[in-house]
Amino acid sequence: MIEILKAILFGIVEGITEWLPISSTGHMILLNEIVSLDVSDEFYSMFEVVIQLGAILAVVILFWNQIWPFGKKDNKEPLAKTGAGAYIKWDIFKLWFHILVSCVPAAIVGVLFDEQLEALFYNYQTVAIMLILFGVAFIVIENYHKGKKAKVNTLVGIDYKLAFWIGMFQLIAAIFPGTSRSGATIVGALLLGISRTVAAEYTFFLAIPVMFGASLLKGAKFLMNATMTSQEGVILVVGMVVAFAVSLVVIKFLMGYIKKHDFKVFGWYRIILGVIVLLHNHGYQQNPADEDVLSFHLKVRRRIPFFGIGVVSLKLPDNKNHLFYLIWRHLQAYCLFPEHNKYFPAK
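Residues numbered from 1 in each chain as written. Predicted model: local features only at pLDDT ≥ 70, side-chain atom pairs only at ≥ 80, totals over all residues. Heavy atoms only, no water.

1. Here's the deal with the layout of surface pockets
Then, number 1: Computed from the structure, the second largest pocket encloses a volume of approximately 480 Å³.
Then, number 2: Residue assignment for the lining of the second largest pocket shows that the elements contributing at least two residues are α5 (64–67) and α6 (90–121).
Then, number 3: Per-element accounting of the lining of the second largest pocket gives the leading share, five residues, to α6.
Then, number 4: For the lining of the second largest pocket, the class distribution of residues is four nonpolar, four polar and seven charged. (1 Å grid on protein atoms, 1.4 Å probe; cavity = no way out; pocket = protein on both sides within 12 Å on 5 of 7 lines; lining within 4 Å. Points joined across faces, edges and corners; volume = space filled by probe spheres on them. Helix = DSSP H or I, 4+ residues; strand = E, 2+ residues; numbered from the N terminus. Nonpolar A, V, L, I, M, F, W, Y, C, P; charged D, E, K, R; others polar.)

Written out as structure tokens, the structure is:
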């Protein structure tokens, strides 16, 4: 029974953090530190990815009429006036072409530099730093755009050029865990002059191929190399169902919220969470058991199908207590000068 309650908790966290621009990676890392499921490592690595299917199904259901490219009813731009073309919604097909363009940068970099990126950036320091940096970005961008009118107020207004640049911002999230896929794409869209509502909708739609692909590949890999117990099967189903139900509520809330408010509250939340993650990791530093190297399991959610799970070892920074010194040392040691790291990813 306790494992079912844990699965419900994981589903709630997934359903909330997947769509709000606050980084599901950071939250899942913290949750896994506090509440660990009694399952095999192989199952957990699959679970934390496949649970996304529940969340993404909520998007499909809520926005079905906006993403299904077939049908004669409400067809604003039919491919042809008569015949089979009258049932093809060309405007929605173009939307999907744009979404595919947005997926290209992260897909290419992921395929070519999977292991290198995982070794360099998949750690608590990167998560915390990116939480803080993009939190600041949300606040700065919203202040900059205050009182200004968006240049793009409909999905149709997103052309291939804009789609590509949104994809470049998604690439940041693919490289640096803690950025938040939705956070990165929304920040990018706002900088490109896209309205908050359109930015959020496009981010939701962009998640469909990314998250479906990640979930299906991870699930297939697990089934080929491991077996699932009955308890683990129940945990997976419960997590997905809860993530689906919570996502329905969260997506509706977010779409209503951004019509009257900006994203600054999420920026402040990210900054606070980033500080908590840094301090949480710094807590290990206070009593290193006479060792200057601390090994810990780092299980992070995969933003696209090309990132994996590793165990990393890292050299602790100097024992200083000032928060800004800590942030700088983490940024210096783990992002700017990675050659000084002691990373040994285990597959």
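Read on for the rest.
2. Topic: the nonpolar core
Then, number 1: In this structure, W19, F47, V59, I158, F204 and F205 are the most contacted members of the largest nonpolar core, which totals 73 residues.
Then, number 2: Broken down by element, the residue count for this core peaks at twelve residues, all from helix α10 (residues 196–225).
Then, number 3: Residues contacting I158, with those up to four places away along its chain left out, are H98, V152, A163, I194, V198 and Y202.
Then, number 4: Of all hydrophobic cores here, the second largest spans eleven residues; its members include I29, L30, A128 and V275. (Core = buried A, V, L, I, M, F, W, Y, C linked by side-chain atoms within 4.5 Å. Buried < 20%, exposed > 50% of the residue type's maximum accessible area, 1.4 Å probe, protein only. Contact = heavy atoms within 4.5 Å.)

3. A look at helix α7 (residues 124–145)
Helical geometry: 3.6 residues make up each α-helical turn, so side chains three or four residues apart lie on a common side.
Then, number 1: Between its first and last C-alpha, α7 extends 32 Å over 22 residues, near the 32 Å set by a 1.5 Å rise per residue.
Then, number 2: Positive phi shows up at G147, right after α7, with a value of about 85°. (Expected span 1.5 Å × (residues − 1).)

4. Thoughts on the confidence of the model for the protein chain
Then, number 1: The predicted model of the protein chain averages 81 in pLDDT, with 80% of residues at 70 or higher.
Then, number 2: Looking over the protein chain, one finds the lowest element-wise mean pLDDT in strand β2 (residues 310–315), namely 32, and the highest in helix α11 (residues 230–257), namely 95.
Then, number 3: Here residues 287–325 scores under 50 on pLDDT; set against residues more than four positions off or in separate chains, the count is 126 contacts.
Then, number 4: Every residue in residues 334–347 is under pLDDT 50, and counting partners more than four places away or in other chains gives 40 contacts. (pLDDT = per-residue confidence, 0-100.)

5. Some remarks on a nonpolar patch on the surface
Then, number 1: Together, M1, I2, L5, I8, I12 and I16 line one region of the surface with nonpolar side chains, adding up to about 540 Å² of accessible area.
Then, number 2: Look at L5 and you get partly exposed, because its relative accessible area is 43%. (Patch = residues over 30% accessible without salt bridge, like charges linked within 9 Å, V, L, I, M, F, W, Y side chains within 5 Å. Areas by Shrake-Rupley, 256 points an atom, 1.4 Å probe, with all protein chains shown as cover. Salt bridge = Lys/Arg side-chain N within 4 Å of Asp/Glu carboxyl O.)

6. Topic: the packing of aromatic side chains
Then, number 1: Tallying each qualifying case throughout the model produces 20 aromatic pairs.
Then, number 2: Arranged with centres 5.5 Å apart and planes meeting at 85°, the rings of F70 and F93 form a pair that is edge-to-face. Of this pair, F70 sits in the loop between α5 and α6 while F93 is found in helix α6, placing the two residues 23 residues apart along the sequence.
Then, number 3: Judged by its relative accessible area of 40%, F70 is partly exposed.
Then, number 4: A network of ring pairs unites the aromatic residues W64, W68, F70, W90, F93 and F97 as a single cluster.
Then, number 5: For the cation-ring pair, K148 lies above Y144, with the distance from its terminal atom to the ring centre recorded as 3.5 Å. (Phe/Tyr/Trp six-rings, centres within 6.5 Å; stacked < 30°, edge-to-face > 60°. Lys NZ or Arg CZ within 6 Å of the ring centre and 35° of its normal.)

7. What to know about the side chain of S45
Then, number 1: In this fold, S45 is placed in helix α3 (residues 41–50).
Then, number 2: Residue S45 is classed as buried on the basis of its relative accessible area of 13%.
Then, number 3: In terms of polar contacts, S45 uses its side chain to reach the backbone carbonyl oxygen of E42, at 2.8 Å. (Polar contact = N/O pair within 3.5 Å; in protein donor to acceptor, adjacent residues only side chain to side chain.)

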